[in-house]
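Structural features, examined
For reference, the chains in residue letters:
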Amino acid sequence: VITSRQGPHLRLAGGGAGIINFCANNYLGLSSHPEVIRAAVEALEKFGAGLSSVRFICGTQSIHKDLEEKIARFHQREDAILYASCFDANAGIFEALLTPEDAVLSDELNHASIIDGIRLCKANKYRYKHMDMQDLEAKLKEAQKHRLRLVATDGAFSMDGDIAPLREICQLAQKYDALVFIDECHATGFLGPNGRGTDELLGVMDKVTIINSTLGKALGGAAGGYTTGPKPLIDLLRQRSRPYLFSNSLPPAVVGCASKALDLLMESNAIAQSMAAKTQRFRSKMTAAGFTISGKDHPICPVMLGDARLASVMAEDMLNRGIYVIGFSYPVVPKGKARIRVQISAVHSDEDIDRCVEAFTEVGRKHGALP
Ligand code: PLP
């Protein structure tokens, strides 16, 4: 239990102080950025604690409209719609968009919220092997009989730190007349030259039709999610998407945080670059120490250990050395692929990164993960 703000250095209940946090989705360190906090306080004072209403009754303030416009501009899309979370955005979109005449093709390792969103819709469901383009092509061929095809994938996968092959996915989508949907929760704000996400990184911003993402990770870390894409789609979601229609509006303080986070990112990409440099430092030092780090260039750096018990005792021992990391094992990841997931943030210092690598090396030797 944390008794301080979210950040690179935490205080924990029971007295632990100066703990270095390596397991938050706070990729850009904006969760406790002074300007983000100030923007939240100002929005709270001017617009109140909350709306006590869903958006379409009396729950839309000027700041909600401004944030939607800003999100669309950030992603270079026509329009955007806010939700209480990205889980809600994923729960709302498939059912609103797809009918029993349509098909959705989903990567087998997509986030739980995409899987649940797809469960709620009546479209024909195809699950393709993780990032396997041959399998996707085979499924797209099979799905030609349907009216509309939607390929759904995480842009960056949160357990492995790997990035969907969007160029190839978009080529296949073009060939087989499908739309592409990406979940950018682990990409928005920091992947690509200007932090726009996986579609920018891979040069397919004009080919991905729909983006869902969160305000609860890199963009200030408070809460909230959104869909951005073509205006007719956003109009449809405002009419039909159940989590949007039947759940309370985002509170003003939360809107203020996200809006300021986007301003900071649109002014400069220095924060994202700093995170990328620290990610590189961690990945190269850990690899040199003898560890296997899954994924490539992503701040999600899974230290692959295999054995579930090893991951759990090593994570515990890391905390004893002041490094907060978490072990993941089955059923969160496949059997035999247990790991400790390290997440790098722009607000880690080089010294923090080096201390983490040193602790891993000591703990890895102690438990036989390193020779
Ligand atoms: N999609 C992905 C890939 C995620 O990692 C998460 C969060 O864990 C979500 C969706 C849900 O986002 P939110 O926390 O905004 O509901």
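Check the entry above for the structure.
This report concerns the structure included in the present document. Given the structure is predicted, the values throughout are model-derived calculations rather than measurements.

**A word on the overall build of the protein**
- On a plain count of helices and strands, the protein comes out with 14 helices and 13 strands.
- Whereas a compact globule of 371 residues would reach a radius of gyration of roughly 21 Å, the protein reaches 21 Å, a difference of no more than 12%.
- By its C-alpha atoms, the protein is 55 × 55 × 35 Å across when sized along the principal axes.
- In the protein, which comprises 371 residues, the proportion classed as buried is 56%.
- Long-range contacts, defined as pairs at least 24 residues apart, comprise 69% of the intrachain contacts of the protein with a sequence gap of at least 6.
- With the model as given, the accessible surface of the protein reaches about 15800 Å², and the carbon-plus-sulfur share is 51%.
- The distance from the centre of the 43 positive side-chain charges to the centre of the 42 negative ones in the protein is 2 Å.

**Side note on helix α6 (residues 133-142)**
- Within α6, the full set of buried residues consists of M133, D135, L136, K139 and L140. For α6, the angular spread of buried residues about the axis comes to 155 degrees, placing them on one side. Of the exposed residues in α6, the ones pointing more than 90 degrees away from its buried face are Q134 and K141.
- Buried residues along α6 sit in contact with β4 (103-107), β5 (124-128), β6 (149-154), α7 (166-175) and β7 (178-183).
- Sitting at the amino-terminal end of α6 is D132, which places a side-chain oxygen 3.0 Å from the backbone nitrogen of Q134.

**Some words on the site of the ligand**
- Around the ligand, the surrounding shell holds 13 residues, and the nearest of these are C86, D183, H186, T214 and K217.
- Take H111: an N or O atom from its side chain is 3.4 Å from a nitrogen atom of the ligand.
- One nitrogen or oxygen atom from the side chain of T214 is found 2.7 Å from an oxygen atom belonging to the ligand.
- Protein contact buries 80% of the 400 Å² of open area that the ligand shows by itself.
- No other element matches the three residues that helix α4 (residues 86-97) contributes to the shell around the ligand.
- Residues that form the shell around the ligand fall into these classes: three nonpolar, seven polar and three charged.

**Side note on empty space enclosed by the protein**
- This structure, assessed with the given rule, holds three cavities of 30 Å³ or more.
- Each pocket or cavity is described by its volume, and for the largest cavity that value is around 70 Å³.
- Forming the boundary of the largest cavity are R55, H64, L82, Y83, A84, P243, Y244, S247, N248, S249 and L250.
- Sorting the residues of the lining of the largest cavity by element identifies β3 (79-83) and α10 (242-245) as the ones contributing at least two each.
- Looking at the lining of the largest cavity residue by residue, the classes come out as six nonpolar, four polar and one charged.

Criteria and thresholds
- Residues numbered from 1 in each chain as written.
- Predicted model: local features only at pLDDT ≥ 70, side-chain atom pairs only at ≥ 80, totals over all residues.
- Heavy atoms only, no water.
- Helix = DSSP H or I, 4+ residues; strand = E, 2+ residues; numbered from the N terminus.
- Rg over C-alpha atoms; globule rule 2.2 N^0.38 Å.
- Buried < 20%, exposed > 50% of the residue type's maximum accessible area, 1.4 Å probe, protein only.
- Contact = heavy atoms within 4.5 Å.
- Areas by Shrake-Rupley, 256 points an atom, 1.4 Å probe, with all protein chains shown as cover.
- Lys, Arg positive; Asp, Glu negative; His and termini not counted.
- Charge placed at Lys NZ, Arg CZ, Asp CG, Glu CD.
- Arc of directions from axis to C-beta.
- Polar contact = N/O pair within 3.5 Å; in protein donor to acceptor, adjacent residues only side chain to side chain.
- Near = heavy atom within 4 Å.
- Nonpolar A, V, L, I, M, F, W, Y, C, P; charged D, E, K, R; others polar.
- 1 Å grid on protein atoms, 1.4 Å probe; cavity = no way out; pocket = protein on both sides within 12 Å on 5 of 7 lines; lining within 4 Å.
- Points joined across faces, edges and corners; volume = space filled by probe spheres on them.

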